[in-house]
Amino acid sequence: MAVGVIRAFHEAGLTVPGDTAVASIDGSEEGRYATPTLTTVVPDKAAIASLAVTSLANRIGAQTTPRPTVHLAPHRLEVGESTTGVRRPVAD
């Protein structure tokens, strides 16, 4: 979706990152080939899957409904060209 946002800005006459910055949170492969390259947070999908399976197994085996829990999965930031060098402040 972020690649589409970059295109929409371009079609509106705005530059990325000159006028605005764009980032994503899915680590998609297409961001590496976009122009400009996309800044993205890359989640550890194997760790997320493992947490999901473990949580589901615990819920299935529980005698009572388990309390909701929050899990933080490992991730990393890949800085691309889409977030460097914004020249103008965002308008109110």
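Remember, predicted model here, so these are calculated numbers, not experimental data. (Residues numbered from 1 in each chain as written. Predicted model: local features only at pLDDT ≥ 70, side-chain atom pairs only at ≥ 80, totals over all residues. Heavy atoms only, no water.)

## So, the overall build of the chain
Inference 1: A count of helices and strands for the chain gives three helices and three strands.
Inference 2: In the chain, the succession of α and β elements from N to C terminus is α-β-α-β-α-β.
Inference 3: The globule rule puts the C-alpha radius of gyration for 92 residues at 12 Å, and the 19 Å found for the chain is more than 25% above it.
Inference 4: Dimensions along the principal axes, computed over C-alpha positions, put the chain at roughly 60 × 30 × 20 Å.
Inference 5: Across the 92 residues that make up the chain, the buried fraction comes to 23%.
Inference 6: Within the chain, counting contacts between residues at least 6 apart in sequence, those at least 24 apart form 63% of the total.
Inference 7: Summed over all atoms, the accessible surface of the chain reaches about 7,000 Å², with 60% contributed by carbon and sulfur. (Helix = DSSP H or I, 4+ residues; strand = E, 2+ residues; numbered from the N terminus. Rg over C-alpha atoms; globule rule 2.2 N^0.38 Å. Buried < 20%, exposed > 50% of the residue type's maximum accessible area, 1.4 Å probe, protein only. Contact = heavy atoms within 4.5 Å. Areas by Shrake-Rupley, 256 points an atom, 1.4 Å probe, with all protein chains shown as cover.)

## A word on the layout of surface pockets
Inference 1: In this structure, the largest pocket occupies an estimated 160 Å³ of space.
Inference 2: Lining the largest pocket, in full, are Ser55, Asn58, Arg59, Pro66, Arg67, Pro68, Thr69 and His71.
Inference 3: Across the lining of the largest pocket, the residue classes break down as two nonpolar, four polar and two charged. (1 Å grid on protein atoms, 1.4 Å probe; cavity = no way out; pocket = protein on both sides within 12 Å on 5 of 7 lines; lining within 4 Å. Points joined across faces, edges and corners; volume = space filled by probe spheres on them. Nonpolar A, V, L, I, M, F, W, Y, C, P; charged D, E, K, R; others polar.)

## Here's the deal with unusual backbone geometry
Inference 1: The amide bond that connects valine 16 to the next residue, proline 17, takes the cis arrangement and shows omega of 10°.
Inference 2: Put simply, threonine 35 and proline 36 share a cis peptide bond, and its omega is 0°.
Inference 3: Inspection of the secondary structure assignment puts proline 36 in the loop between helix H2 (30-33) and strand S2 (39-43).

## A closer look at the pairing of S2
Inference 1: Where strand S1 (residues 23-24) lies against S2, two bridges are found, and the strand directions are parallel. In the strand pairing of S2, serine 24 is matched with threonine 40.
Inference 2: Here S2 runs beside strand S3 (residues 75-78); their pairing, made up of four bridges, is antiparallel. Pairing of threonine 40 across the sheet is with glutamate 78, part of S3. (Pairing = 2+ DSSP bridges.)

## Considering the sheet that holds S1
Inference 1: Reading across from one edge, S1-S2-S3 is the order of the three strands in this open sheet, with mixed pairing throughout. Two strands in the sheet have a free side with no partner beyond their single neighbour: S1 and S3.

## What about the nonpolar core?
Inference 1: Ranked by size, the top nonpolar core spans five residues in total: Ala2, Ile6, Val16, Val22 and Leu38.
Inference 2: Apart from residues no more than four positions distant in its own chain, isoleucine 6 is found in contact with Val16, Val22, Thr35, Pro36, Leu38 and Ser82. (Core = buried A, V, L, I, M, F, W, Y, C linked by side-chain atoms within 4.5 Å.)

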